[in-house]
Amino acid sequence: MAASKTTSTTVAGQALASSMQLGAGVSLGGGSAANQALAGMATQAAAGHSHGAATTAGGAGAGPAAAGHAHAAGGGHAGPQLALTTKDDPRFLKGTVGPASTKEGDAATVKGAASKKGKGFDGREGQDVNDNDRQQMNYSVTDANFNPRLGLLPANPDTGKEMNYTQHTNTYNMAGSLDYLPQMLRQTGDTQRAALIESMNAKIVANQNAGIGTKLGAAGAAYGVFKTQDPALQGVTAEELGALQSLKNIPGTNMDLKQYVISSKDVTGQNWARMHHPESAWQMLATLLPYQQSGRMTSEQMLVLAGDDGVSGSGRLNGVNNQDGKDSFNDGEIEIWAMAAQMGDDVVQAMMSGHNHNDQSADALTNPNINKIAGVKGREASPERAAAIAEVLRNGKVGDAGDAKKDGTKADDKVLIGKK
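Computed from a prediction, not measured in an experiment: that's the story for all the values here.

> When you look at helix 11 (residues 331–343) in this model, what are you seeing that I'm missing?
Look at helix 11: 19 Å from first C-alpha to last across 13 residues, which is about the 18 Å you get at 1.5 Å a residue. The buried count for helix 11 comes to 10 of 13 residues, which makes it a mostly enclosed element. Along helix 11, the residues that are buried comprise E333, I334, E335, I336, W337, A338, M339, A340, A341 and M343. As for helix 11, its buried residues are in contact with helix 9 (299–305), helix 10 (308–317), helix 12 (345–351) and helix 14 (383–394). The opening residue of helix 11 is N330, an N-cap whose side-chain oxygen sits 3.2 Å from the backbone nitrogen of G332.

> I'm lost on the packing of helix 10 against helix 11 in this one. Help?
When two helices pack together, their arrangement is given by the angle between the helix axes and the distance between those axes. Between helix 10 and helix 11, the least distance of the axes is 9 Å, while the angle of their chain directions is 95°. Classified by the interaxial angle, the pair formed by helix 10 and helix 11 is roughly perpendicular. Residue-level contacts link D309, G310, S312, G313, S314, R316 and L317 of helix 10 to G332, E333, I336 and W337 of helix 11. A per-class count over the contact of helix 10 with helix 11 returns three nonpolar, five polar and three charged.

> What is the right way to read the side chain of T102 from this model?
By the element assignment, T102 lies in the loop between strand 2 (65–66) and helix 2 (131–135). The exposure class assigned to T102 is buried, which follows from its relative accessible area of 13%. There is a polar contact of 3.0 Å between the side chain of T102 and the backbone oxygen of P99.

> Honestly, the side chain of T287 in this entry has me stumped. Any pointers?
With respect to the secondary-structure elements, T287 resides in helix 8 (residues 276–294). A distance of 2.9 Å separates a polar side-chain atom of T287 from the backbone oxygen of Q283.

> In this structure, what is going on with the packing of aromatic side chains? I would like to understand it.
Any pair of aromatic rings gets described here by the distance separating the centres and the angle formed by the planes. Scanning all chains against the criterion turns up five aromatic pairs. When the ring of F121 is compared with that of F226, the centres are 5.6 Å apart and the planes differ by 85°; the resulting orientation is edge-to-face. A residue pair is termed long-range when its members are at least 10 positions apart, and F121 in the loop between strand 2 and helix 2 and F226 in the loop between helix 5 (215–222) and helix 6 (238–245) qualify at 105 residues. When its relative accessible area of 1% is taken as the criterion, F226 is described as buried. Measuring from centroid to centroid gives 6.5 Å for Y260 and W272, while their planes differ by 85°, and the two rings are edge-to-face. Here Y260 is found in helix 7 (residues 257–261), whereas its partner W272 is found in the loop between helix 7 and helix 8, with 12 residues between them in sequence. W272 carries the same exposure label as Y260, and that label is buried. Among the aromatic residues, those joined into a cluster by ring pairs are Y260, W272 and W282.

> Would you mind showing me how to read the pattern of salt bridges here?
Pairing is possible between side chains of opposite charge, provided their charged atoms come close. Applying the stated rule across the entire model yields 12 salt bridges. Note that D133 and R274 form a salt bridge whose closest N and O atoms lie 2.7 Å from each other. Taken together, the positions of D133 in helix 2 and R274 in the loop between helix 7 and helix 8 put the pair 141 residues apart, joining distant regions of the chain. Given a relative accessible area of 3%, D133 falls into the buried group. Assessed through its relative accessible area of 3%, R274 is described here as buried. Of the charged contacts in the structure, one is a salt bridge between E333 and R316, with a shortest N-O distance of 2.5 Å. Here R316 lies in helix 10 and E333 lies in helix 11, a separation of 17 residues in the sequence. The exposure class of E333 is buried, given its relative accessible area of 0%.

> What is the right way to read the layout of surface pockets from this model?
Over the atoms, a rolled probe matching the size of one water molecule traces out where space is still vacant. Computed from the structure, the largest pocket encloses a volume of approximately 190 Å³. Secondary-structure elements contributing two or more residues to the lining of the largest pocket are helix 2 and helix 10. By residue number, the principal contributor to the lining of the largest pocket is helix 10, which donates four residues. Residues that form the lining of the largest pocket fall into these classes: one nonpolar, nine polar and seven charged. Considering only enclosed or pocket space, the second largest pocket measures out at about 160 Å³ in volume.

Quick notes on the rules
Residues numbered from 1 in each chain as written. Predicted model: local features only at pLDDT ≥ 70, side-chain atom pairs only at ≥ 80, totals over all residues. Heavy atoms only, no water. Helix = DSSP H or I, 4+ residues; strand = E, 2+ residues; numbered from the N terminus. Expected span 1.5 Å × (residues − 1). Buried < 20%, exposed > 50% of the residue type's maximum accessible area, 1.4 Å probe, protein only. Contact = heavy atoms within 4.5 Å. Polar contact = N/O pair within 3.5 Å; in protein donor to acceptor, adjacent residues only side chain to side chain. Axes fitted to C-alpha atoms, helices over the stretch in contact; angles between N-to-C directions. Parallel < 35°, antiparallel > 145°, perpendicular 65-115°, else oblique. Nonpolar A, V, L, I, M, F, W, Y, C, P; charged D, E, K, R; others polar. Phe/Tyr/Trp six-rings, centres within 6.5 Å; stacked < 30°, edge-to-face > 60°. Salt bridge = Lys/Arg side-chain N within 4 Å of Asp/Glu carboxyl O. 1 Å grid on protein atoms, 1.4 Å probe; cavity = no way out; pocket = protein on both sides within 12 Å on 5 of 7 lines; lining within 4 Å. Points joined across faces, edges and corners; volume = space filled by probe spheres on them.

The structure is reproduced here in C-alpha cells:
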C-alpha cells in the first residue's frame, strides 16, 4: 500500500506514557441496587459466530448486553460494519477475503510469512505457530484466524514486506479497539472523545467500503505504528486522530492503551492464539466494563477475563471452535471461566458474547460439548444457559473454585500489569 496524503494531518508515532500498574482494586459487590441492575441483562438469540451486541452506547450507567449475536451478516457489531469484498481484492493478502457463505474448506489456506511466528510491533515473539494454527489460516474453517471483512494486509505499508503471524494479530487488536473504545469511553463519561473516535472509525469504514484503503492499515497509522498513512484515513481530522493518540489508558483501567494494542501477549502474559482473539477481546472488555464501574470486579479482573483464554473459551461455548474438548474448555480456559462463574451467572453470560466471528458458514460450527454436561441445548447466551454453565463451573463437574487462582491464570509472565 503506497503512502497517500489525506485531508488529515500526518499521523505521528506518539509515545504514550507507560503505566504498568492497574488502578486500585475494588472488592466484589454484594446485593447493591447497582449490582441488581447489572443482573438485568438484555438478551438476544445467539448465532455464536458474529460480533456480540455490546453495551448500549448511551451513558455510563448502561448495563451489559450479553451475546446479542444474530444470524444476519455482521449482526450485533458495534458501530458501522465493513462490507464484504471480492476474493481477489488487491488491498488484502490473497486468500483472506471473499464470499461470506463459503463452506468449510472451500477458501484458500494462507501460507507464507502470515502463517509463521515472529516478533510483533512490541518487539516480542508471539504465538509459536503450530500445524493447527496454520490450518486455521482459512476463513471458512471453524475458528478461523481472521475474518473476511477485515482480511489481512498484504504487506507492511512502510517496508513493503509481508508481515508475520504476530504482526497481523497486532493489527487486529488495533482495529478492534476502534469499534469499542467509543462505547467504553461513554461508559466512563468521556463523551467528547467517544464521539471523535466514533466519527473517525465511521469514516475509515466508509472509505474501505468504497474501495479506499483498509481499516487495518488506517488503525495502524492512527496509532502511529505505521508511518505511512492509509488511504482509508481520508477525511479523518487532526482532532479525531488526536482524540485517540492522547488517550493514554484503556477506559476503566490504568493499562497503557498503545502498549496493549501492540502487545504480542494478553495481560496475563499468554500469547494471543488467533488474530481475531484480541479484536474479539474488545467486545468482551466493553461488555464487562460496567461490572468494573459498579464495583463487581477490579480493573485487573476485567482485563484478565477478556484475555486469550476468555475469548477462546467463549468460542467453544458458542460452537466456534474445532478443538472443543469433552467439557468445551482447556485447562487455562477453565481457570478463567471458573473465576467468572464465582462472580455471578450474569458475568458468565456477558463473557459468552466474546468470540468474534463474522459470516461463518453454518456447516463450520460445532455443537458445544458442555451442553450435555449442563443439560442445555443451543448456542445462545440466554440467562438460563449461562446459569447452567456457570453452575457446572462451580460444582466441580467442569472446573471448580480451586481452578480460579488468585491471578486467574497459570501464566507467569505478567509484563503488561507489572507482575513477574
